[in-house]
Amino acid sequence: MAWNDERVELLKKLWSEGLSASQIAGRLGGVTRNAVIGKVHRLGLSGRATTSRMKSHRPRARAAAAASARRVQQKSRFAPQGNPALRALYQPEAEAFTPSAEELVIPLKERRTIQTLTECSCRWPIGDPQMADFHFCGKPKVTGLPYCEFHARRAFQPPQPRRREREIAEPRLPALAGVPGKEPADV
């Protein structure tokens, strides 16, 4: 079928609405998809109007299934999620809070609650947050840190040398290295 002015105008209108070449061929009747594509190129109608159908990008079923499988795998690979501080409230089999043996004894007058903490107070928590005697240290804090000197030493310990770095600094010798007359090479 020949391209007349009326069909060309309809082609331009449908193309600008974002219909596919197959859909346009079906509406025009008597032309193939390839004929529509050829005419579009000859007319120079490369720019397409965006439609709501084109804007709502939906992933293909295979890609969506693979993504959901990856999410399930990641969830199972990494342990429970959520706030670890609150997790114990919902898990009765969790072990009870045990305070450390070397905690400072803070007199009652110096203890701070969350409401009485000041800018220069140590924010080290002492005790179980669910108990009435829970408090914060409250001693004067070290400049630039949220804790007093005692608690800063507990919180910020120097990094331990890595295993490989320790072995380079202190190489391990074989068990017979201390035996007289035996060199490590003889072993």
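Residues numbered from 1 in each chain as written. Predicted model: local features only at pLDDT ≥ 70, side-chain atom pairs only at ≥ 80, totals over all residues. Heavy atoms only, no water.

**Q** Would you mind going over the side chain of Arg7 with me for this structure?
**A** Locating Arg7 in the fold gives a position in helix H1 (residues 5-16). Of the side chains with opposite charge, Glu6 comes closest to the buried, unpaired Arg7, at an N-O distance of 7.6 Å. Among the polar contacts made by the side chain of Arg7, one reaches the main-chain carbonyl oxygen of Leu28 at a distance of 3.3 Å. (Helix = DSSP H or I, 4+ residues; strand = E, 2+ residues; numbered from the N terminus. Buried < 20%, exposed > 50% of the residue type's maximum accessible area, 1.4 Å probe, protein only. Lys, Arg positive; Asp, Glu negative; His and termini not counted. Salt bridge = Lys/Arg side-chain N within 4 Å of Asp/Glu carboxyl O. Polar contact = N/O pair within 3.5 Å; in protein donor to acceptor, adjacent residues only side chain to side chain.)

**Q** Would you explain the packing of aromatic side chains in this entry?
**A** Think of a pair of aromatic rings as described by two things: how far the centres are apart, and how the planes are tilted against each other in angle. Scanning the model with the defined rule gives 2 aromatic pairs in all. When the ring of Trp124 is compared with that of Tyr147, the centres are 5.1 Å apart and the planes differ by 75°; the resulting orientation is edge-to-face. Separated by 23 residues along the polypeptide, Trp124 in the loop between helix H6 (84-90) and strand S1 (125-126) and Tyr147 in the loop between strand S2 (135-136) and helix H7 (149-155) bring together distant segments of the chain. A single burial state applies to Trp124 and to Tyr147, both of which are buried. Geometrically, the ring pair formed by Phe134 and Phe136 is edge-to-face, given 5.4 Å between the ring centres and 70° between the ring planes. Using a relative accessible area of 21% as the deciding quantity, one classes Phe134 as partly exposed. (Phe/Tyr/Trp six-rings, centres within 6.5 Å; stacked < 30°, edge-to-face > 60°.)

**Q** Looking at this model, I keep getting lost on H1. Mind explaining?
**A** One turn of an α-helix holds 3.6 residues; hence residues three or four places apart share an orientation. In this model, H1 (12 residues) spans 16 Å end to end at C-alpha, consistent with the 16 Å of a helix rising 1.5 Å per residue. Residues of H1 that are buried include every one of Arg7, Val8, Leu11, Leu14 and Trp15, and no others. Mapping the buried residues of H1 onto a view down its axis gives an arc of 130°, with all of them on the same face. Every exposed residue of H1 that faces more than 90 degrees away from the buried side is listed here: Asp5 and Glu6. (Expected span 1.5 Å × (residues − 1). Arc of directions from axis to C-beta.)

**Q** Whenever I open this one, the nonpolar core confuses me. Can you help?
**A** Buried together is how nonpolar side chains tend to be arranged in soluble globular proteins. Formed by Leu11, Leu14, Trp15, Leu19, Ala21, Ile24, Ala25, Leu28, Val31, Val36, Val40 and Leu45, the largest nonpolar core amounts to 12 residues. Residue assignment for this core shows that the elements contributing at least two residues are H1, helix H2 (21-28) and helix H3 (33-43). When residues of this core are assigned to their parent elements, the largest contribution, 4 residues, is made by H2. Non-local contacts of Ala21, meaning those with residues more than four positions away in its chain, are made with Arg33, Val36 and Ile37. By size, the runner-up hydrophobic cluster in this structure holds 8 residues, among which are Cys122, Ile126, Cys137 and Tyr147. (Core = buried A, V, L, I, M, F, W, Y, C linked by side-chain atoms within 4.5 Å. Contact = heavy atoms within 4.5 Å.)

**Q** I'm lost on the packing of H2 against H3 in this one. Help?
**A** The description of two helices packed together rests on the angle between their axes and the distance between the axes. It is the contact of H2 with H3, at a shortest axis distance of 8 Å, that shows an interaxial angle of 105°. Here H2 lies roughly perpendicular to H3, going by the angle between them. Contacts from Ala21, Ser22, Ile24 and Ala25 of H2 reach H3 at Arg33, Val36 and Ile37. The class makeup of the residues in the contact of H2 with H3 is 5 nonpolar, 1 polar and 1 charged. (Axes fitted to C-alpha atoms, helices over the stretch in contact; angles between N-to-C directions. Parallel < 35°, antiparallel > 145°, perpendicular 65-115°, else oblique. Nonpolar A, V, L, I, M, F, W, Y, C, P; charged D, E, K, R; others polar.)

Distances and angles like these do not, on their own, reveal function.
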